[in-house]
Structure formats: structure tokens, C-alpha cells
Amino acid sequence: MEARKPTLEDVGRLAGVSRATVSRVVTNGRTVSTTTGRRVWWAIDALGYEPDLVARALAKRRGRADLVDLVVIDHDPSAFGTNPYYSRAVVGVLDALSNTGARMRVHIVDEPGAPARLEEVARTTGFGALLVNVPPVLAGRFHARCDRVVSLGVSARGVPFIEPENADGARAAYHHLYQTGRRHIAAIHGPQRNSCASGRRRGFLAAADEVGMAVIGIEGGFCREAGAAATRQLLAEHPKVDAIFAACDLTATGVLQAVGEDGRRVPDDIAVVGFDDSVLAACATPALTSVRQPVEHIAASATRALLAGDTARGWQRIVPTDLRVRRSTAA
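Residues numbered from 1 in each chain as written. Predicted model: local features only at pLDDT ≥ 70, side-chain atom pairs only at ≥ 80, totals over all residues. Heavy atoms only, no water.

Chemist: What is the right way to read the sheet that holds strand β6 (residues 185–189) from this model?
Modeler: Adjacent strands of a sheet form backbone hydrogen bonds with each other and so pair up, either parallel or antiparallel. Read from one edge of the open sheet, 6 strands run β7-β6-β8-β9-β10-β12, paired in mixed fashion. Two strands in the sheet have a free side with no partner beyond their single neighbour: β7 (216–219) and β12 (322–324). Direction aside, the axes of adjacent strands within the sheet are offset by 20 degrees on average. Note that strand β10 (residues 289–292) and β12 share 3 bridges and pair antiparallel. By the bridge assignment for β12, Val291 is matched with Leu323. (Pairing = 2+ DSSP bridges. Helix = DSSP H or I, 4+ residues; strand = E, 2+ residues; numbered from the N terminus. Axes fitted to C-alpha atoms, helices over the stretch in contact; angles between N-to-C directions.)

Chemist: What is the right way to read the packing of aromatic side chains from this model?
Modeler: Per the counting criterion, the structure on display carries 4 aromatic pairs. Here Phe204 and Phe245 contribute two aromatic rings whose centre-to-centre distance is 6.2 Å and whose plane-to-plane angle is 10 degrees, an arrangement assigned as stacked. Of this pair, Phe204 sits in helix α10 (residues 195–211) while Phe245 sits in strand β8 (residues 243–246); the two residues are 41 residues apart in sequence, bridging distant segments of the chain. What makes Phe204 buried here is its relative accessible area of 1%. Taken together, the ring pairs connect Phe80, Tyr85 and Tyr86 into an aromatic cluster. Lying across the ring of Tyr178, Arg183 places its NZ or CZ 3.7 Å from the centre. (Phe/Tyr/Trp six-rings, centres within 6.5 Å; stacked < 30°, edge-to-face > 60°. Buried < 20%, exposed > 50% of the residue type's maximum accessible area, 1.4 Å probe, protein only. Lys NZ or Arg CZ within 6 Å of the ring centre and 35° of its normal.)

Chemist: When you look at the pairing of strand β11 (residues 316–319) in this model, what are you seeing that I'm missing?
Modeler: Along a regular strand, successive side chains alternate from one face of the sheet to the other. Residues Arg317 and Val319 point to one face of β11 and are all buried, whereas Gln316 and Ile318, pointing to the other face, are not buried. With 4 bridges joining them, strand β5 (residues 161–164) and β11 adopt parallel strand pairing. The partner of Ile162 across the bridge, within β11, is Arg317.

Chemist: Even after reading the chapter, I still don't get helix α8 (residues 136–145), so can you show me in this structure?
Modeler: Quick reminder: α-helices carry 3.6 residues per turn. Residues three or four places apart thus point the same way. Those residues of α8 not exposed but buried are Leu138, Ala139 and Phe142. Taken down its axis, α8 places every buried residue within 100 degrees of arc, on the same side. Of the exposed residues in α8, the ones pointing more than 90 degrees away from its buried face are Val137 and Ala144. In this structure, the buried residues of α8 make contact with β1 (67–73), α7 (114–124), β3 (128–132) and β4 (149–152). (Arc of directions from axis to C-beta. Contact = heavy atoms within 4.5 Å.)

Chemist: I tried to follow the pattern of salt bridges on my own but got confused; where do I start?
Modeler: Two side chains that carry opposite charge are able to pair once their charged atoms sit near each other. Tallying each qualifying case throughout the model produces 18 salt bridges. One salt bridge in this structure joins Glu210 and Arg171, with 3.1 Å as the shortest N-O distance. You can see Glu210 sitting in helix α10 and its partner Arg171 sitting in helix α9 (residues 166–179), a full 39 residues away along the chain. Look at the salt bridges and you will find they share partners, linking Asp277, Arg292, Asp322, Arg324 and Arg326 into a network. (Salt bridge = Lys/Arg side-chain N within 4 Å of Asp/Glu carboxyl O.)

Chemist: Help me understand α9, please; the structure alone is not making it clear to me.
Modeler: Under the 1.5 Å per step criterion, the end-to-end length of α9 is 20 Å for 14 residues, consistent within 8% with the ideal 20 Å. Where α9 is concerned, the buried positions are Asn166, Gly169, Ala170, Ala173, Tyr174, His175, His176 and Leu177. With its phi angle positive at about 100 degrees, Gly181 sits one or two positions after the end of α9. (Expected span 1.5 Å × (residues − 1).)

Chemist: Where do I start with the environment of Gly220 in this structure?
Modeler: Summarising the element assignment, Gly220 is placed in the loop between β7 and α11 (224–237). Along the primary structure Gly220 and Ala206 are separated by 14 residues, whereas in three dimensions their C-alpha atoms are 19 Å apart.

Chemist: What should I look at first to understand the packing of helix α6 (residues 84–97) against helix α14 (residues 295–307) in this one?
Modeler: Angle between the axes and distance between the axes: these two values describe a pair of packed helices. Running from N to C, α6 and α14 cross one another at 40 degrees; their axes reach a closest spacing of 7 Å. Accordingly, the angle class assigned to the pair α6 and α14 is oblique. Our pair here, α6 against α14, has a crossing hand that is right-handed. Residues Tyr85, Arg88, Ala89, Val91, Gly92, Val93, Asp95, Ala96 and Leu97 of α6 pack against Val295, Glu296, Ala299, Ala300, Thr303, Arg304 and Leu307 of α14. Of the residues contributing to the contact of α6 with α14, the split by class is 10 nonpolar, 2 polar and 4 charged. (Parallel < 35°, antiparallel > 145°, perpendicular 65-115°, else oblique. Left-handed = near helix turned anticlockwise from the far one by under 90°. Nonpolar A, V, L, I, M, F, W, Y, C, P; charged D, E, K, R; others polar.)

Chemist: What is the right way to look at the sheet that holds β5 in this model?
Modeler: Within the open sheet, the 6 strands sit side by side as β2-β1-β3-β4-β5-β11. Their pairing is parallel. The open sheet has two edge strands with one neighbour each: β2 (103–109) and β11. On average, adjacent strands in this sheet sit at an angle of 15 degrees to one another, irrespective of strand direction. Lying on the sheet, α7 is in contact with β1, β2 and β3; it crosses β2 at an angle near 165 degrees.

Chemist: What's the story with the pairing of strand β9 (residues 271–276) in this structure? I'm lost.
Modeler: Among the 6 residues that make up β9, 6 are buried, leaving the element largely enclosed by the rest of the structure. Of the two faces of β9, the one lined by Ala271, Val273 and Phe275 and the one lined by Val272, Gly274 and Asp276 are each fully buried. Summarising the sheet, β8 and β9 pair through 3 bridges and their orientation is parallel. Bridge pairing in β9 links Phe245 to Val273. As paired strands, β9 and β10 are joined by 4 bridges and run parallel to one another. For Val273, the partnering residue across the bridge sits in β10 and is Thr289.

Structure below.
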């Protein structure tokens, strides 16, 4: 006998809220408190509940284009095949589209060509577009032409978005390093124009202030080469550094490389924390402590919001992160 599918009532009982509250969280996360929303989404994930929004949206849009567009801006087009974040986002989109009849269309563009490409997407998209690394100005222009859009990361005012708790994740990483005895904690920050990188920078600075430590930081990027170059500069300018927080796991792999080249050991001499908890973290040597952001869930939630036609109401959501501790930060 086939198992009974969980219902809104089941989710409500597990989360300790009413059916109506669950419905509001699923259709428009802004109408309930962040704490309640987290409990509801935890219960949804725990029970495997699947909101029946997709079928209704497909019925409403019968005869129109069945596309969901994924637009990624990256100065290095090859990064789409090498950065685990992108592949995890694709998995999330495809998961949300499974059994719906809708299709994903991917656009990988550099910033100079982005305005024209976004104009084309706004004209031809069906359910809408997910924007990754799209600058706020361009995202705002897209939203003015097409209200069916979700940015993966905070964007221009009024543009629907979903993002992880970047600041809280970075704070957790800093405090973990401090609690393991590190006292010269440095950060290799991500791109200044990236909202997720900005959030992680804020969290790092807040944590340093909370424990009364001097701030050590250097500009980097979301790639291995930037992480390695920034680490070499960091160790030359601050030889006493005993811990490094990298803005993403790819950056952290460059940190590990440069620390080894300098003749130091991880974690004995320098502890390292990344952000993403991608496959790179578990496969690194030593295994990398990393702040986990559920990229697949984020992309799937954004896609379901587009399918449900929910984004016109300024849909937004902040998704919790958590620290996964591994060998790279052993005391």
C-alpha cells in the first residue's frame, strides 16, 4: 500500500502552528515571522511535504511558454562547469521542475553582455527567471520589465530574493575559530559587489568586534586562484595569522594550497574555514570545516515560487546556515 502523503495539517502539527500559517509560509514567506517560517520549513523538509503549487500554476499558464530561465553572470564562463555552487543550483531547479512539464533554460553571460541578454529573457521567459550574480541595477531593470524573477541573493529594492544567513554563518565560523584557541583570525573576503560576500564580511566583522579582536582581512574572490594569491599576501603581511575564514569553499582550496606552499600545516599552524559545504569541503586534505548553505533547497524554493506565480508580491526568504566542523579547524 502506498504511503499517505503528508498534508498541510501534518506540517502544522509538527511545527506547532496552524494550517493557515503553514499555507502563508508556503505561498508568501513575508507574512509570518522569521522564527515561525524556519520551523515550518524544517517541518516541510522533515516530512517531505511537497506543496501542490506547481500543478495549479501550470494549469493557470496553459498555452504559455513553459520555461524557467537561470541567468548566471560570471567573468569566467568556464566557472559554470567548475564551481560547485552552480551545479548545486541546477540540481535544485531541476528537482523543482520534475514532473511538471516545465523546462530550464540556462544563460551564462559576462557583465558587458548582460543587459541585452536580460532584455531577451524578459521578453521570452515563461514562468520567469532566477538571477545569480546579477548586479542590483540590472536585476532592477529586469524586474521593471518582468515581475517573474527571483534573485539568489539580496538585490535591488523590491526585487524578490532568497539567500542564506550569510552574516550569521560567518559569525559562527569566527566564534568557532576563537573557541578553538585561535587569536589571529583573518578573512579572505569575496567580491565586494556580491551580496552574499557582503553579508559574510559583515558577520566576520561583527564577530571580531564581539570578542574584542583586531580585524585582519584582505580582498579575494570566489575562486581558487584568488584564494591562493590573497593567502600569500596575507601571510607576508601578517605572519602571526593562525586562522583564516575564506568567503567560499573554492577560495578555501586556494588557501590550503598557499598555506602548504609556505611550509605551514593545517590545522596545526593555521586553521581554515570555508563557506558552502560543497563537495570540495569533504574531499579537501585535510577535510574542510565549512558553513553549510543548502543551495539545492534555495534554488528549488525560488523555482517553486516562480511556478506558483508568487513573486509579484515581493517574495523573499532567508534560509538558515549551520557550521560543519571537520579536521581543518582541530584545536
